[in-house]
Every structure is written in C-alpha cells, then in structure tokens.
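Next come the chains, spelled out residue by residue.
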Amino acid sequence: MSFFQDLGLAQPILKALEAAGYDTPTPIQQQAIPSLLEGRDLCGIAQTGTGKTAAFALPSLHHFATKPKARQQYSCRMLVLSPTRELAAQIADSFRTYGKFLGLKVDCVFGGMPIFSQKKRLAGGVDILVATPGRLIDLIEQRAVTLKDVEIFVLDEADQMMDLGFIHALKRIDQLLPKQRQTLFFSATMPKAIAELGNRFLNNPVRVSVAPASTTAERVEQFVTFVEQREKQTLLTLKLQSEDIDRALVFTRTKHGADRVVRGLAGAGIQSAAIHGNKSQGQRTAALQAFRDGKIKILVATDIAARGIDVPGVSHVFNFELPNVPEQYVHRIGRTARAGREGIAMSFVAGDERGYMKDIERLTGVRAMTLGLPEGFRAAVAALPPPVADKKPQQARGGRGGGQPGGGRTNYAGKKLGGNNGGTGLNGETRNRTHAPQGGWQPAIGPRDGSREGGKNDARPRSDNVGSGDRRPTADRAFAARSENRRDPGAPARNYGPKKGGYKNAVKRAS
Ligand code: AMP
C-alpha cells in the first residue's frame, strides 16, 4: 500500500491531503489506518515526527465523513488528550488541515487561556475536541462539556502524561467516557506502567510500533563536545556563529537555564527566544511563531515545552545539557532530521554528564562523534570572570531575580553584560566546587533543587499544564513540577547528579 488513495479514505480527505502535498502514507499511517477504519482499538508506540497525528486523524475524519451526526450541546464526538498545550494546538491544526473540506467543528482547550471563552465555544457542541487533561476536568466540573457522546478517544503521548502527573485525571476521564467507543493509545515508550495504563483504556487493540530509537538517531549526525558547565555558553555562542544554521533548537534542563542561555546569547549579539512553563501562553505562542516564520533562528526550550513541537527546517539541535532520561535525547534530536532529512545534533557534556551520554549511546546504538573545542574557544573562556566559590545557597541560586551576586559579568568577547542575569554558566562551576548545601532556602512544595522562581505564587509547583484551571491533586502537581523544575545545573546541587556516581566524583575532584 503506497498511496493514500489505496487506503479507502473519503474523497474530501484525499483532496485535503493533496492540498497539503502528502501522497504517501508514513509507516505508522500504513500500519494503523486500515485497522482504525475497521473500528479497532489501537496501541501505538510512536514518537512525534512519525506522522502519528495523521495516523489517528485521517481514519477518524473518515468516520465523521461517512457517519455524519448533528452536534449535541456541550458535547463532542471525538476527544483527543494531549499532555502539552503546544502539542494540543498542533493536533487541532492537523485536524483542521486534513478535515478542511468536511465542515467539522474542531476545538482545542488547555490551561492558561480564559476558561470563559472556552465554555462559550463548547456550548453548541463540537465534533472534535483536543484538550489537556487538567483543563478538560475543569470544564467537565463546570458542566461546560460532557464526554457521554464520545465515539473516538485518543490518548496521545501517554508516557509524557504519566511524567506530568496526569494519572488521576486520566482515570477520572476514563470513568466518564462511554464504554462503547474506539480508543487509540499512543506512547513514545512503553514501559510496564504505561502498558498497564493502556490496558485500562483499550479493548483488544491492534498493536503498531514504528521508529525505534535507533532509527531517528541514525538519521541525525551526532556530535559530542566535552566541556565544563561554566564554559558551555561560550561554546554555544561560538558554534552558533560558525555553523551554517537554518534553525536551531537549544535544549536546557530547566526553565532558568533556558532564560540564562537567551540572556547570554543576547549579550553576544545573537537573538533567540525561550519557551518553557514559566512563560505565558502568549509569549510561548509568539516565540514559536517567530521561530516557525524564521524571524528568530534560535529557540531555547525545556523538554516539556518542546514536546511534540513540529517545526520544519530545524537544521541543528544543541543539547546544552543532556537529559537524564535517554529516551528524551531521542525526542530532542528527532526535532531535526524531519521527513527523512538529515540533521545535526550537538551535545555539550560536562564531566558529571558523561554517564548520561553512555546511557544514550547504549539506547540508540549510535556513538556520537567527539568534536574538540573550536578555534578561539580558550581565548574566549580566558575572558570569563573566575568562578565564584562557596556561596550561600540563597546567593548562588540562579534565576531568582538576583542571579549572581557581584554585579555584571563579562561574556567571552569581553563585552560587559547585564548584572542581574543569573550568571550564566557560573553556577554550574559552583556546583562542582562545593558540597550541596543542606540548609538554606527550600521551596514550600516541590523540588528541593531550589531552581524555582521565588515569590508566593511559586509555592505551587507548576508544569506546562498547570494553568489557572489545574485541579490535579497536590501529589500530582508536585510530581508534575519535578519535570521542568528539577536539576537546574545552574543552581547549587541538591538532588542533581548522574546515576553513575559522576557527581560524587566531581565533588571529590573539586574538594
Ligand atoms: P507528527 O508525527 O504527527 O507530528 O507528524 C510529523 C510531520 O510529518 C508533520 O509536519 C506532518 O504534517 C508531516 N506528515 C504527516 N504525514 C505525512 C505524510 N504522509 N507525508 C509527508 N509528511 C507527513
């Protein structure tokens, strides 16, 4: 089966596919669409970039095209759950694209946007509703929507849902869905806990699996440079100046880390933008749009904010810090090398991240090529101020407005940067030079790494989906907060450290 026409999809869908320039189904589409057209449940192991959205959107649209029904008030015929706002918006856009000749009503609801207008839109009923779990529960509780008419239910990125602490929300939603329905369950990884969650929703599903980690990894040219944490900003600046970049995604582990990178680049005259859970929805949308439009070439993101983001033409992915979950690395580098194109991934690995790199190489089966430090690097680093040692935790914490004490700092080119910027890179050195402080400031709830912004609003952990309407139980929210908030390499170490004793060794070396 090599063309969409062969799959038996309704004419208006084929027309829309043609308009989008797609004629050949991707492997997941080839595997999934025939069974889905028969009404089977489906359990798919697939990550973003494989064409999985169309794999579930096309047969669902075919169902609505061939079985039209009047919309019911406060109701929907299809529910798609997505872990993040960006992914939800992207999925809704895909439905609009593929369904543009069907006259269906597609809506998308997530936290961080006014609930009032969402309630108003849902009053007349919609055909396809894409939602994040927290906001959906809110809307259900406020009787703005009912799930009793759902015919097709899609749970996308199930592993990410679990990571973000949505398990209780999902269980509640499960109870509210009609038993008679078609269910599609997708996850990039399928550990036991996720498979068990799938069993809860699925009924005799067809199982499909595409793009194992190595496939993506093999398409991307991967490089690694070993560099001290405090020197990474300099390295990034030099790389961005010397590489032929169309669009670059820079991944940091934490929100504050992302902000620091943006400030550091700005100091070197390089424009970039950050997206993460502390940015307002408007800021995130604007940054993403500017990146899509090519107005900014560099987007700095945390894993959660970037999850599911599909921007064509990303030539480079920079891992400013490595993720401690190897699968996340595959997600990151999968942002480049889309649609069979080749991409470049560069990882900056500090001494205490080497264990992560080994885990990644074990998973992908691909050995990244080691690149030395670029020309001019040593001179640029020599211009950096000396690392600051033995700070009290309150002082050393990056990103709490005050940043590095001691006023401004100098970038690699010797240019004076703003003084209130959290001291890009310097804190990482502090981490290696001092034992993790045991006392000092701790957030009221959530992570113990001190990486969250201060202020009383921050006593509540946040994740991407912890918007105004988040009603997840406290335990869930605390769990959710661990994702982006944890392990700020620019903050003093508490819980952060590689699995294989690298951190311990780093401390030993430094002391
Ligand atoms: P997804 O995995 O759903 O995020 O899709 C990744 C990208 O592939 C999106 O930009 C889609 O628009 C695109 N895409 C999906 N199906 C096809 C296809 N059959 N041919 C070409 N591109 C596709």
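None of the values given here were measured: they were computed from a predicted structure.

### Some words on the packing of aromatic side chains
Then, number 1: One pass over the structure, following the stated rule, counts 6 aromatic pairs.
Then, number 2: Residues Tyr22 and Tyr98 carry aromatic rings whose centres are separated by 6.3 Å and whose planes lie at 55° to one another, so their mutual orientation is tilted. One end of the pair, Tyr22, is in the loop between α1 (11-20) and α2 (27-37); the other, Tyr98, is in helix α4 (residues 85-98), with 76 residues separating them in the sequence.
Then, number 3: The class of Tyr98 is buried, set by a relative accessible area of 8%.
Then, number 4: Judged by centre distance (5.5 Å) and plane angle (40°), the ring pair of Phe153 and Phe201 falls under tilted. Separated by 48 residues along the polypeptide, Phe153 in strand β5 (residues 152-155) and Phe201 in helix α9 (residues 192-201) bring together distant segments of the chain. In terms of burial, Phe153 and Phe201 fall into one category: buried.
Then, number 5: Through a chain of ring-to-ring contacts, the aromatic side chains of Phe56, Phe95 and Phe186 assemble into a single cluster.
Then, number 6: A cation sits over an aromatic face here: Lys15 above Phe101, 4.2 Å from the ring centre.
Then, number 7: Against the face of Phe226 rests Arg354, its NZ or CZ located 4.0 Å from the ring centre.

### Focus: the sheet that holds strand β13 (residues 343-349)
Then, number 1: The strand order across the open sheet formed by 7 strands is β10-β11-β9-β12-β13-β8-β14, and the pairing between neighbours is parallel. Of all the strands in the sheet, the pair left with one neighbour each is β10 (273-275) and β14 (369-370).
Then, number 2: Bridging between strand β8 (residues 220-226) and β14 involves 2 bridges; their strand directions are parallel. Considered in β14, the bridge of Val224 is made with Thr370.
Then, number 3: Here helix α11 (residues 232-242) sits on the sheet in contact with β8, β9 (248-251), β11 (298-301), β12 (316-319) and β13, set at roughly 160° to β13.

### Looking at the UniProt feature "short sequence motif: Q motif" (unreviewed entry) in the protein chain
Then, number 1: According to UniProt, the "short sequence motif: Q motif" (unreviewed entry) feature falls on residues 2-30.
Then, number 2: Between the end C-alpha atoms of residues 2-30 the distance is 8 Å, and the span holds 48% helix and 0% strand.

### With respect to the sheet that holds strand β7 (residues 206-209)
Then, number 1: Spatial strand order, β3-β4-β2-β5-β6-β1-β7: 7 strands in an open sheet with parallel pairing. A strand with exactly one partner marks an edge of an open sheet, and here the two such strands are β3 (106-109) and β7. For this sheet, the mean inter-axis angle between neighbouring strands, taken without regard to orientation, is 15°.
Then, number 2: The strands that α2 touches are β1 (42-45), β6 (182-187) and β7; relative to β7, the one it contacts most, it runs at about 170°.
Then, number 3: Docked against the sheet, α4 engages β2 (76-81), β3 and β4 (126-131), running at close to 175° with respect to β3.

### Digging into the pattern of salt bridges
Then, number 1: Applying the stated criterion across every chain, the model contains 21 salt bridges.
Then, number 2: Salt-bridge contacts for Glu196 lead to Lys192; the nearest nitrogen and oxygen are separated by 3.7 Å. A residue pair is termed a helical-turn pair when its members lie 3 or 4 positions apart in one helix, as Glu196 and Lys192 do in helix α9 at 4 residues.
Then, number 3: What makes Glu196 partly exposed here is its relative accessible area of 46%.
Then, number 4: For Asp303, the salt bridge is made with Arg332, and the minimal N-O distance between the two is 2.7 Å. Separated by 29 residues along the polypeptide, Asp303 in helix α14 (residues 303-306) and Arg332 in helix α15 (residues 326-333) bring together distant segments of the chain.
Then, number 5: On the basis of relative accessibility, which here comes to 1%, the residue Arg332 falls in the buried class.

Basis of the calculations
- Residues numbered from 1 in each chain as written.
- Predicted model: local features only at pLDDT ≥ 70, side-chain atom pairs only at ≥ 80, totals over all residues.
- Heavy atoms only, no water.
- Phe/Tyr/Trp six-rings, centres within 6.5 Å; stacked < 30°, edge-to-face > 60°.
- Helix = DSSP H or I, 4+ residues; strand = E, 2+ residues; numbered from the N terminus.
- Buried < 20%, exposed > 50% of the residue type's maximum accessible area, 1.4 Å probe, protein only.
- Lys NZ or Arg CZ within 6 Å of the ring centre and 35° of its normal.
- Pairing = 2+ DSSP bridges.
- Contact = heavy atoms within 4.5 Å.
- Axes fitted to C-alpha atoms, helices over the stretch in contact; angles between N-to-C directions.
- UniProt positions renumbered as here; feature names shortened; annotations may be inferred.
- Salt bridge = Lys/Arg side-chain N within 4 Å of Asp/Glu carboxyl O.

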